[in-house]
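Listed below are the residues making up each chain.
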Amino acid sequence: MRWDDLRNDPPADGPAPAGPAALFGAGTVVRRFDTPEFRGVTFHEVRARSILNRVPGASRMPFEWTVNPYRGCTHACVYCFARRTHEHLDLDAGRDFDTQVVVKVNAAELLRRELASPRWRGEHVAMGTNVDCYQRAEGRYRLMPGILEALRDRANPFSVLTKGSLILRDLELLRQAAAVTDVSVNVSVGFTDRELWRGAEPGTPSPQKRLEVCRTLTDAGVPCGVLMAPVLPYLSDSPEQLRATVRAVAEAGAVSVTPLVLHLRPGAREWYTAWLRRHHPGLLPRYEALYGDSAYAPRWYQRRITRAVHEIAAAYGCGPAGPGGPRRIPPAAAGPAAAAGPVQLTLL
(Lines give C-alpha, C1' and ligand atoms only; values in the text may rest on other atoms or scores of the structure.)
Protein backbone atom coordinates (compact mmCIF):
# COMPACT_ATOMS: atom_id res chain seq x y z
CA MET A 1 0.00 0.00 0.00
CA ARG A 2 1.35 3.38 -1.00
CA TRP A 3 0.00 6.85 -0.46
CA ASP A 4 -0.91 7.03 -4.12
CA ASP A 5 -3.33 4.10 -3.61
CA LEU A 6 -5.38 6.37 -1.35
CA ARG A 7 -5.67 9.29 -3.73
CA ASN A 8 -9.12 10.67 -4.46
CA ASP A 9 -7.97 11.77 -7.91
CA PRO A 10 -5.47 9.26 -9.32
CA PRO A 11 -3.77 10.75 -12.37
CA ALA A 12 -5.10 9.57 -15.71
CA ASP A 13 -1.76 9.79 -17.46
CA GLY A 14 1.64 9.17 -15.96
CA PRO A 15 2.89 9.09 -12.36
CA ALA A 16 1.66 11.34 -9.58
CA PRO A 17 3.46 14.65 -9.24
CA ALA A 18 6.07 15.08 -6.55
CA GLY A 19 5.44 16.86 -3.27
CA PRO A 20 2.39 16.96 -1.00
CA ALA A 21 -0.04 16.23 -3.85
CA ALA A 22 1.71 12.89 -4.45
CA LEU A 23 1.61 12.09 -0.75
CA PHE A 24 -2.05 12.75 -0.09
CA GLY A 25 -3.84 13.61 -3.33
CA ALA A 26 -6.25 16.48 -3.89
CA GLY A 27 -9.34 16.26 -1.72
CA THR A 28 -7.68 14.11 0.90
CA VAL A 29 -7.91 16.01 4.14
CA VAL A 30 -4.93 16.43 6.44
CA ARG A 31 -5.77 17.77 9.88
CA ARG A 32 -3.26 18.64 12.55
CA PHE A 33 -4.34 18.73 16.17
CA ASP A 34 -2.57 20.68 18.88
CA THR A 35 -4.82 19.85 21.79
CA PRO A 36 -4.09 18.25 25.16
CA GLU A 37 -5.79 15.06 23.98
CA PHE A 38 -3.91 14.68 20.70
CA ARG A 39 -0.90 16.90 21.16
CA GLY A 40 1.84 16.04 18.69
CA VAL A 41 -0.35 13.68 16.65
CA THR A 42 -1.21 14.20 13.00
CA PHE A 43 -4.24 12.46 11.50
CA HIS A 44 -4.26 11.83 7.75
CA GLU A 45 -7.83 11.29 6.59
CA VAL A 46 -7.98 9.24 3.40
CA ARG A 47 -10.57 7.42 1.33
CA ALA A 48 -9.40 3.85 0.84
CA ARG A 49 -10.13 1.88 -2.31
CA SER A 50 -10.64 -1.41 -0.47
CA ILE A 51 -10.92 -2.48 3.14
CA LEU A 52 -10.96 -6.28 3.18
CA ASN A 53 -7.31 -7.32 3.13
CA ARG A 54 -6.19 -10.85 2.32
CA VAL A 55 -3.43 -12.08 4.62
CA PRO A 56 -0.39 -13.37 2.67
CA GLY A 57 -0.26 -17.13 2.44
CA ALA A 58 3.19 -17.22 4.05
CA SER A 59 1.87 -15.51 7.18
CA ARG A 60 1.64 -17.42 10.45
CA MET A 61 -1.75 -15.87 11.14
CA PRO A 62 -4.69 -18.28 11.65
CA PHE A 63 -7.04 -16.17 9.51
CA GLU A 64 -7.18 -15.05 5.88
CA TRP A 65 -8.92 -11.67 5.99
CA THR A 66 -8.48 -8.51 8.03
CA VAL A 67 -9.99 -5.04 8.28
CA ASN A 68 -7.70 -2.21 9.38
CA PRO A 69 -9.42 1.19 9.61
CA TYR A 70 -6.22 2.83 10.88
CA ARG A 71 -2.52 2.81 10.03
CA GLY A 72 -0.12 3.88 12.76
CA CYS A 73 -1.05 3.76 16.43
CA THR A 74 -0.84 6.16 19.36
CA HIS A 75 -0.52 3.22 21.74
CA ALA A 76 3.19 3.61 20.90
CA CYS A 77 4.10 0.08 22.03
CA VAL A 78 7.85 -0.17 21.56
CA TYR A 79 7.64 -3.74 20.27
CA CYS A 80 4.75 -3.39 17.80
CA PHE A 81 5.39 -5.70 14.84
CA ALA A 82 3.31 -3.47 12.53
CA ARG A 83 5.82 -0.63 12.64
CA ARG A 84 7.45 -1.46 9.34
CA THR A 85 4.18 -0.99 7.47
CA HIS A 86 4.60 2.76 7.95
CA GLU A 87 7.68 2.65 5.75
CA HIS A 88 5.38 1.69 2.87
CA LEU A 89 3.84 5.14 3.29
CA ASP A 90 7.23 6.89 3.17
CA LEU A 91 7.05 7.41 6.93
CA ASP A 92 9.42 5.96 9.51
CA ALA A 93 8.76 2.95 11.71
CA GLY A 94 9.61 4.80 14.90
CA ARG A 95 8.25 8.17 15.92
CA ASP A 96 6.09 8.53 12.80
CA PHE A 97 4.32 5.26 13.54
CA ASP A 98 3.32 6.64 16.96
CA THR A 99 2.28 10.10 15.80
CA GLN A 100 1.25 9.95 12.11
CA VAL A 101 -2.06 8.07 12.03
CA VAL A 102 -3.83 7.29 8.76
CA VAL A 103 -7.62 7.21 9.11
CA LYS A 104 -9.67 5.42 6.43
CA VAL A 105 -12.74 7.55 6.83
CA ASN A 106 -14.82 5.49 4.40
CA ALA A 107 -14.03 2.15 6.05
CA ALA A 108 -17.59 1.29 7.13
CA GLU A 109 -19.31 2.13 3.84
CA LEU A 110 -16.59 0.33 1.92
CA LEU A 111 -16.89 -2.79 4.08
CA ARG A 112 -20.65 -2.91 3.68
CA ARG A 113 -20.24 -2.82 -0.09
CA GLU A 114 -17.52 -5.47 -0.15
CA LEU A 115 -19.44 -7.85 2.13
CA ALA A 116 -22.40 -7.61 -0.24
CA SER A 117 -20.30 -8.63 -3.24
CA PRO A 118 -21.29 -11.98 -4.82
CA ARG A 119 -17.60 -12.90 -4.68
CA TRP A 120 -17.46 -12.64 -0.90
CA ARG A 121 -17.88 -16.06 0.76
CA GLY A 122 -18.49 -14.97 4.33
CA GLU A 123 -15.03 -15.81 5.68
CA HIS A 124 -13.89 -14.82 9.15
CA VAL A 125 -12.67 -11.21 9.42
CA ALA A 126 -10.03 -10.33 12.01
CA MET A 127 -9.64 -6.80 13.39
CA GLY A 128 -6.95 -5.32 15.60
CA THR A 129 -4.28 -7.64 14.26
CA ASN A 130 -2.18 -4.90 12.63
CA VAL A 131 -2.82 -1.79 14.69
CA ASP A 132 -5.48 -1.35 17.35
CA CYS A 133 -8.90 -0.50 15.93
CA TYR A 134 -9.82 0.91 19.37
CA GLN A 135 -6.86 3.22 19.77
CA ARG A 136 -7.59 6.78 20.92
CA ALA A 137 -8.33 7.99 17.39
CA GLU A 138 -11.45 5.82 17.37
CA GLY A 139 -12.96 8.03 20.04
CA ARG A 140 -12.92 10.86 17.53
CA TYR A 141 -13.67 9.07 14.26
CA ARG A 142 -16.13 6.36 15.43
CA LEU A 143 -15.40 4.01 12.55
CA MET A 144 -15.97 0.78 14.45
CA PRO A 145 -19.74 1.09 15.04
CA GLY A 146 -20.35 1.20 11.29
CA ILE A 147 -17.93 -1.67 10.74
CA LEU A 148 -19.60 -3.82 13.39
CA GLU A 149 -23.04 -3.00 12.01
CA ALA A 150 -21.95 -4.08 8.53
CA LEU A 151 -20.62 -7.40 9.86
CA ARG A 152 -23.72 -7.92 12.02
CA ASP A 153 -26.11 -7.23 9.19
CA ARG A 154 -24.41 -9.86 7.01
CA ALA A 155 -24.03 -12.29 9.93
CA ASN A 156 -20.34 -12.42 9.04
CA PRO A 157 -18.05 -14.03 11.65
CA PHE A 158 -15.33 -11.79 13.04
CA SER A 159 -12.86 -11.28 15.85
CA VAL A 160 -11.51 -8.23 17.64
CA LEU A 161 -8.19 -7.94 19.44
CA THR A 162 -7.56 -4.76 21.40
CA LYS A 163 -5.67 -3.03 24.18
CA GLY A 164 -8.29 -0.27 24.19
CA SER A 165 -11.07 0.20 26.73
CA LEU A 166 -13.13 2.04 24.11
CA ILE A 167 -14.51 -1.30 22.93
CA LEU A 168 -17.02 -1.10 25.79
CA ARG A 169 -18.72 1.75 23.94
CA ASP A 170 -19.76 -0.82 21.33
CA LEU A 171 -20.84 -3.52 23.75
CA GLU A 172 -24.43 -3.59 22.53
CA LEU A 173 -23.33 -3.96 18.90
CA LEU A 174 -21.06 -6.84 19.88
CA ARG A 175 -23.96 -8.53 21.68
CA GLN A 176 -26.20 -8.11 18.65
CA ALA A 177 -23.56 -9.58 16.36
CA ALA A 178 -22.88 -12.48 18.72
CA ALA A 179 -26.57 -13.37 18.53
CA VAL A 180 -26.34 -14.05 14.79
CA THR A 181 -22.77 -15.16 14.10
CA ASP A 182 -19.48 -16.19 15.68
CA VAL A 183 -17.82 -13.30 17.48
CA SER A 184 -14.47 -13.63 19.23
CA VAL A 185 -13.11 -10.86 21.45
CA ASN A 186 -9.70 -10.81 23.10
CA VAL A 187 -7.84 -8.16 25.01
CA SER A 188 -4.05 -8.09 24.86
CA VAL A 189 -2.30 -8.21 28.24
CA GLY A 190 1.26 -9.49 28.11
CA PHE A 191 2.16 -8.58 31.69
CA THR A 192 0.80 -6.73 34.70
CA ASP A 193 3.98 -4.98 35.86
CA ARG A 194 2.99 -1.30 35.96
CA GLU A 195 6.52 0.06 35.61
CA LEU A 196 7.15 -2.09 32.55
CA TRP A 197 3.77 -1.06 31.14
CA ARG A 198 4.60 2.65 31.43
CA GLY A 199 7.87 2.14 29.59
CA ALA A 200 6.90 -0.34 26.89
CA GLU A 201 3.24 0.57 26.22
CA PRO A 202 3.05 4.28 27.08
CA GLY A 203 -0.12 5.11 25.13
CA THR A 204 -2.28 2.20 26.26
CA PRO A 205 -4.78 1.80 29.09
CA SER A 206 -3.17 0.05 32.04
CA PRO A 207 -3.14 -3.77 32.14
CA GLN A 208 -5.58 -3.58 35.05
CA LYS A 209 -7.97 -1.47 32.98
CA ARG A 210 -7.79 -3.94 30.12
CA LEU A 211 -8.62 -6.79 32.48
CA GLU A 212 -11.60 -4.79 33.73
CA VAL A 213 -12.72 -4.63 30.10
CA CYS A 214 -12.43 -8.40 29.90
CA ARG A 215 -14.57 -8.80 33.01
CA THR A 216 -17.20 -6.35 31.77
CA LEU A 217 -17.49 -8.01 28.36
CA THR A 218 -17.76 -11.51 29.78
CA ASP A 219 -20.30 -10.49 32.42
CA ALA A 220 -22.36 -8.82 29.67
CA GLY A 221 -22.56 -12.04 27.66
CA VAL A 222 -19.68 -11.43 25.23
CA PRO A 223 -17.06 -13.99 26.34
CA CYS A 224 -13.62 -12.43 26.26
CA GLY A 225 -10.24 -14.11 26.23
CA VAL A 226 -6.76 -12.73 26.81
CA LEU A 227 -3.90 -12.85 24.37
CA MET A 228 -0.96 -12.79 26.76
CA ALA A 229 1.24 -10.93 24.34
CA PRO A 230 3.93 -10.24 24.11
CA VAL A 231 5.87 -12.04 26.79
CA LEU A 232 9.11 -10.04 26.86
CA PRO A 233 12.22 -12.16 27.40
CA TYR A 234 14.08 -11.30 30.59
CA LEU A 235 11.55 -8.57 31.40
CA SER A 236 8.23 -10.33 32.00
CA ASP A 237 9.05 -14.03 31.74
CA SER A 238 10.10 -15.06 35.24
CA PRO A 239 7.95 -17.76 36.90
CA GLU A 240 6.70 -15.19 39.40
CA GLN A 241 5.75 -12.70 36.69
CA LEU A 242 4.00 -15.32 34.58
CA ARG A 243 2.03 -16.53 37.58
CA ALA A 244 1.01 -13.01 38.58
CA THR A 245 -0.21 -12.23 35.08
CA VAL A 246 -2.14 -15.48 34.63
CA ARG A 247 -3.70 -15.12 38.08
CA ALA A 248 -4.91 -11.61 37.19
CA VAL A 249 -6.27 -12.89 33.88
CA ALA A 250 -8.18 -15.69 35.59
CA GLU A 251 -9.57 -13.31 38.22
CA ALA A 252 -10.85 -11.11 35.38
CA GLY A 253 -13.03 -13.97 34.17
CA ALA A 254 -11.19 -14.52 30.89
CA VAL A 255 -12.50 -17.54 29.02
CA SER A 256 -9.00 -18.32 27.73
CA VAL A 257 -5.40 -17.19 27.92
CA THR A 258 -3.00 -17.65 25.02
CA PRO A 259 0.66 -16.69 25.44
CA LEU A 260 2.74 -15.27 22.61
CA VAL A 261 6.44 -14.53 22.91
CA LEU A 262 7.82 -11.26 21.52
CA HIS A 263 8.80 -11.38 17.87
CA LEU A 264 11.07 -8.75 16.40
CA ARG A 265 10.45 -8.12 12.73
CA PRO A 266 12.42 -5.45 10.87
CA GLY A 267 11.22 -2.02 11.90
CA ALA A 268 10.05 -3.21 15.29
CA ARG A 269 13.43 -4.76 16.00
CA GLU A 270 15.35 -1.50 15.56
CA TRP A 271 12.87 0.53 17.62
CA TYR A 272 12.70 -2.05 20.42
CA THR A 273 16.49 -2.43 20.47
CA ALA A 274 16.90 1.34 20.80
CA TRP A 275 14.47 1.27 23.73
CA LEU A 276 16.45 -1.57 25.36
CA ARG A 277 19.66 0.37 24.87
CA ARG A 278 18.18 3.35 26.74
CA HIS A 279 16.43 1.52 29.56
CA HIS A 280 17.89 -2.00 29.84
CA PRO A 281 21.33 -1.93 28.18
CA GLY A 282 22.49 -4.98 30.09
CA LEU A 283 19.93 -7.11 28.25
CA LEU A 284 21.23 -6.36 24.75
CA PRO A 285 23.76 -9.25 24.66
CA ARG A 286 21.11 -11.67 25.93
CA TYR A 287 18.66 -10.59 23.22
CA GLU A 288 21.33 -10.93 20.55
CA ALA A 289 22.07 -14.45 21.78
CA LEU A 290 18.38 -15.39 21.97
CA TYR A 291 17.18 -13.98 18.64
CA GLY A 292 20.31 -13.88 16.51
CA ASP A 293 19.21 -12.99 12.98
CA SER A 294 15.69 -14.36 13.46
CA ALA A 295 12.52 -12.41 14.11
CA TYR A 296 11.37 -15.16 16.46
CA ALA A 297 12.68 -16.53 19.71
CA PRO A 298 13.92 -20.15 19.51
CA ARG A 299 11.28 -22.85 19.62
CA TRP A 300 12.61 -24.21 22.91
CA TYR A 301 12.04 -20.83 24.53
CA GLN A 302 8.56 -20.43 23.04
CA ARG A 303 7.59 -23.93 24.18
CA ARG A 304 8.90 -23.26 27.67
CA ILE A 305 6.77 -20.11 28.02
CA THR A 306 3.69 -21.74 26.50
CA ARG A 307 3.96 -24.78 28.74
CA ALA A 308 4.46 -22.68 31.87
CA VAL A 309 1.50 -20.41 31.11
CA HIS A 310 -0.82 -23.31 30.27
CA GLU A 311 0.12 -25.14 33.46
CA ILE A 312 -0.55 -22.06 35.59
CA ALA A 313 -3.77 -21.35 33.70
CA ALA A 314 -5.00 -24.89 34.25
CA ALA A 315 -4.47 -24.45 37.97
CA TYR A 316 -6.65 -21.34 37.87
CA GLY A 317 -9.28 -22.90 35.60
CA CYS A 318 -8.46 -20.70 32.61
CA GLY A 319 -7.34 -22.66 29.56
CA PRO A 320 -5.96 -21.84 26.13
CA ALA A 321 -8.13 -20.64 23.30
CA GLY A 322 -9.61 -23.32 21.08
CA PRO A 323 -11.42 -23.35 17.75
CA GLY A 324 -15.17 -22.94 17.78
CA GLY A 325 -17.64 -25.18 16.04
CA PRO A 326 -19.95 -24.34 13.18
CA ARG A 327 -22.71 -21.91 14.00
CA ARG A 328 -26.17 -22.42 12.59
CA ILE A 329 -28.49 -19.46 12.73
CA PRO A 330 -32.24 -20.05 12.44
CA PRO A 331 -33.70 -17.51 10.00
CA ALA A 332 -36.10 -16.22 12.65
CA ALA A 333 -33.20 -15.39 14.96
CA ALA A 334 -31.08 -13.65 12.37
CA GLY A 335 -32.44 -10.18 13.15
CA PRO A 336 -30.92 -7.56 10.87
CA ALA A 337 -29.12 -10.27 8.91
CA ALA A 338 -32.35 -11.86 7.69
CA ALA A 339 -32.66 -9.34 4.89
CA ALA A 340 -29.19 -10.22 3.68
CA GLY A 341 -30.19 -13.69 2.51
CA PRO A 342 -28.99 -17.12 3.68
CA VAL A 343 -26.28 -17.17 6.32
CA GLN A 344 -23.10 -18.92 5.33
CA LEU A 345 -21.84 -21.49 7.83
CA THR A 346 -18.23 -21.04 8.72
CA LEU A 347 -15.89 -23.16 10.79
CA LEU A 348 -13.67 -21.04 13.01
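What counts and what doesn't
Residues numbered from 1 in each chain as written. Predicted model: local features only at pLDDT ≥ 70, side-chain atom pairs only at ≥ 80, totals over all residues. Heavy atoms only, no water. Helix = DSSP H or I, 4+ residues; strand = E, 2+ residues; numbered from the N terminus. Buried < 20%, exposed > 50% of the residue type's maximum accessible area, 1.4 Å probe, protein only. Contact = heavy atoms within 4.5 Å. Areas by Shrake-Rupley, 256 points an atom, 1.4 Å probe, with all protein chains shown as cover. Salt bridge = Lys/Arg side-chain N within 4 Å of Asp/Glu carboxyl O. pLDDT = per-residue confidence, 0-100. Arc of directions from axis to C-beta. Pairing = 2+ DSSP bridges. Axes fitted to C-alpha atoms, helices over the stretch in contact; angles between N-to-C directions. Core = buried A, V, L, I, M, F, W, Y, C linked by side-chain atoms within 4.5 Å. Phe/Tyr/Trp six-rings, centres within 6.5 Å; stacked < 30°, edge-to-face > 60°.

**Details of the overall build of the protein**
- Along the backbone of the protein there are twelve helices and eleven strands.
- Taken across its 348 residues, the protein has 50% of its residues classed as buried.
- Sequence separation of 24 or more characterises 75% of the internal contacts of the protein that already satisfy a separation of 6 or more.
- Summed over its atoms, the accessible surface of the protein is roughly 16100 Å², and 53% of this surface lies on carbon and sulfur atoms.

**Examining the pattern of salt bridges**
- Summed over all chains, the structure comprises eleven salt bridges.
- Note that Glu138 and Arg169 form a salt bridge whose closest N and O atoms lie 2.7 Å from each other. Separated by 31 residues along the polypeptide, Glu138 in helix α4 (residues 137–141) and Arg169 in the loop between β8 (158–162) and α6 (171–178) bring together distant segments of the chain.
- Taking the shortest distance from any N to any O, the salt bridge between Glu201 and Arg210 comes out at 2.7 Å.
- Since its relative accessible area comes to 0%, Glu201 is described here as buried.
- The buried category is assigned to Arg210, whose relative accessible area is 1%.
- What emerges from the salt-bridge pattern is a single network uniting Arg112, Arg152 and Asp153.

**A closer look at the confidence of the model for the protein**
- Of all residues in the protein, 80% have pLDDT values of 70 or greater, and the mean over the chain is 85.
- For residues 7–26, every residue scores under 50 in pLDDT, and the model assigns this stretch 26 contacts once sequence neighbours within four places are set aside.
- In the predicted structure, residues 323–348 sits below a pLDDT of 50 and forms 43 contacts with residues beyond four places in sequence or in another chain.

**A few points about helix α3 (residues 107–115)**
- What α3 keeps buried is the set Ala107, Leu110, Leu111, Glu114 and Leu115. Burial along α3 is one-sided: seen end-on, the buried residues are contained in an arc of 130°.

**Some points on the sheet that holds strand β3 (residues 52–54)**
- Within the open sheet, the seven strands sit side by side as β3-β4-β7-β8-β9-β10-β11. Their pairing is mixed. At either margin of the open sheet sits one strand with a lone partner, and together these are β3 and β11 (257–261). Across this sheet, the average inter-strand angle for adjacent strands is 25°, counted without regard to direction.
- Looking at chain direction, strand β7 (residues 125–127) and β8 are connected through three bridges and run parallel. From the neighbouring strand, Ala126 faces β8, where its bridge partner is Ser159.
- Against the sheet, helix α12 (residues 299–316) makes contact with β10 (224–231) and β11, and its axis sits at roughly 160° relative to β11, the strand it touches most.

**Observations regarding the environment of Gly319**
- With respect to the helices and strands, Gly319 occurs in the segment after α12.
- Separated by 65 residues in sequence, Gly319 and Ala254 have C-alpha atoms that sit 9.1 Å apart.
- Those residues within four positions of Gly319 in sequence are excluded, and the remaining contacts are Val255, Ser256 and Val257.

**Topic: the nonpolar core**
- Formed by 87 residues in total, the largest nonpolar core has its most connected members in Met127, Tyr272 and Tyr287.
- The residues touching Met127, leaving out its near neighbours within four places in the chain, are Val67, Cys133, Met144, Ile147, Leu148, Leu151, Phe158, Ser159, Val160 and Leu161.

**A short note on the packing of aromatic side chains**
- Taken as a whole and assessed by the stated rule, the structure comprises seven aromatic pairs.
- Aromatic pair Phe43 and Tyr141: ring centres 5.7 Å apart, planes at 70°, arrangement edge-to-face. With Phe43 in strand β2 (residues 42–46) and Tyr141 in helix α4, this residue pair connects regions lying 98 residues apart in the sequence.
- Centre to centre, the rings of Trp65 and Trp120 are 5.2 Å apart; their planes meet at 80°, and the pair counts as edge-to-face. Within this pair, whereas Trp65 is found in strand β4 (residues 65–67), its partner Trp120 is found in the loop between α3 and β7, the two being separated by 55 residues in sequence.
- Here Trp120 falls in the buried class, since its relative accessible area comes to 13%.

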